Every structure is written in C-alpha cells, then in structure tokens.
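# Inside the fold
Residue strings, one per chain:
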Amino acid sequence: MVFLIVVVPIAPAQAMSRHVAVSAGSFFAAAARCEEQNLIAPGQTGHLLEALDPYLSKSDKANMAAGDARGKKISKVFVESEKKWVSFTPDATSCYRVQGVLDDYRAQLGH
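In this report, the structure presented in the accompanying data block is examined. (Residues numbered from 1 in each chain as written. Predicted model: local features only at pLDDT ≥ 70, side-chain atom pairs only at ≥ 80, totals over all residues. Heavy atoms only, no water.)

## Focus on the packing of aromatic side chains
Applying the stated criterion to the full structure yields four aromatic pairs. Geometrically, the ring pair formed by Phe 27 and Phe 28 is edge-to-face, given 5.3 Å between the ring centres and 70° between the ring planes. According to the relative accessible area criterion, Phe 28 is buried, its value standing at 2%. In textbook terms, an aromatic cluster arises when at least three aromatic residues are bridged by ring pairs, as seen for Phe 27, Phe 28 and Tyr 105. (Phe/Tyr/Trp six-rings, centres within 6.5 Å; stacked < 30°, edge-to-face > 60°. Buried < 20%, exposed > 50% of the residue type's maximum accessible area, 1.4 Å probe, protein only.)

## Comments concerning the packing of helix H1 (residues 18–36) against helix H4 (residues 92–109)
The angle between the axes and the distance between the axes are what describe a pair of packed helices. Here H1 crosses H4 at 120°, and the two axes come no closer than 10 Å. Looking at the two axes, H1 sits oblique to H4. Here the hand of the crossing between H1 and H4 comes out left-handed. In this structure, H1 contributes Phe 27, Phe 28, Ala 31 and Cys 34 to the contact, and H4 contributes Cys 95, Val 98, Val 101, Leu 102 and Tyr 105. In terms of residue class, the contact of H1 with H4 is built from nine nonpolar, no polar and no charged. (Axes fitted to C-alpha atoms, helices over the stretch in contact; angles between N-to-C directions. Helix = DSSP H or I, 4+ residues; strand = E, 2+ residues; numbered from the N terminus. Parallel < 35°, antiparallel > 145°, perpendicular 65-115°, else oblique. Left-handed = near helix turned anticlockwise from the far one by under 90°. Contact = heavy atoms within 4.5 Å. Nonpolar A, V, L, I, M, F, W, Y, C, P; charged D, E, K, R; others polar.)

## Overview of the side chain of Gln 44
Here Gln 44 shows up in helix H2 (residues 44–52). Assessed through its relative accessible area of 11%, Gln 44 is described here as buried. There is a polar contact of 3.0 Å between the side chain of Gln 44 and the backbone oxygen of Ala 41. Non-local contacts of Gln 44, meaning those with residues more than four positions away in its chain, are made with Glu 35, Gln 99, Leu 102 and Arg 106. (Polar contact = N/O pair within 3.5 Å; in protein donor to acceptor, adjacent residues only side chain to side chain.)

## Examining H4
If you check H4, its first and last C-alpha atoms are 26 Å apart, about what 18 residues at 1.5 Å a residue would give, namely 26 Å. The N-capping residue of H4, defined by a side-chain oxygen 3.2 Å from the backbone nitrogen of Thr 93, is Asp 91. After H4 finishes, the residue Gly 110 shows a positive phi value of roughly 75°. (Expected span 1.5 Å × (residues − 1).)

## As for the packing of H1 against H2
Two elements in contact, H1 and H2, have axes whose closest approach is 9 Å; the angle formed by their N-to-C orientations is 150°. Classified by the interaxial angle, the pair formed by H1 and H2 is roughly antiparallel. Note on element contacts: H2 touches H1 through Gln 44, Thr 45, Leu 48, Leu 49 and Leu 52, opposite Phe 28, Ala 31, Ala 32 and Glu 35. Looking at the contact of H1 with H2 residue by residue, the class counts come to six nonpolar, two polar and one charged.

The following block contains the structure:
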C-alpha cells in the first residue's frame with residue numbers, strides 16, 4: 001500500500017483544498033482504526049485533532065469529517081496526489097507509517 005503524508009497547514013486561516021481535507025480526514029479514520037486494534041497508542045488521534053482545530057477553517061472541518069466518515073465506512077484512505085481511494089488495513093506496517101505521520105504532526109504543533 002502506498003501511504004503518503006497528508007499535509008495539514010499549521011497556520012491559521014489557510015484553508016486546505018477539498019481533496020487535501022478529505023485525505024486528512026481519511027488518514028485520521030485510519031489512525032483511529034490503528035488505535036482500535038491496539039497497533040498504536042490509543043487516544044492520540046483525538047488529542048491531535050483537538051490540537052489542530054484552531055488551524056482549521058469551517059470548510060476544512062466539514063471536508064475532513066466527510067473524509068473521516070467515508071474512510072471508516074469503506075476502510076480506505078484518500079490519496080490526494082492520485083485523487084483516488086486506496087484500501088487501508090490496519091496492520092503493524094501500515095500503522096507504523098500512521099504513527100510516523102502523527103508524530104510529524106505533533107512535532108509541527110510543538111506537542
């Protein structure tokens with residue numbers, strides 16, 4: 001599986017494109033699935049989303065919620081660069097990559 005880092009702007013008032021926001025939402029759905037399977041530490045996805053909240057526009061939040069909902073429903077992530085949904089199965093390898101992206105976000109936020 002190809003797993004690309006979703007870029008979330010860490011500056012107020014920088015709205016993401018719809019595709020980037022949907023991709024980010026689907027990534028967080030995948031992270032939640034990794035948490036549910038105890039493949040990464042639980043609770044960090046929600047904490048990170050709370051920390052990102054001040055940097056997200058209203059449309060970012062709506063599009064991320066749509067990506068999250070669809071990602072959970074179809075067990076896929078949206079790869080923005082390819083403009084397509086790809087399967088996501090939480091396993092040690094894919095969740096290791098998810099953890100790396102979560103760690104990058106956390107570092108950018110100074111958490």
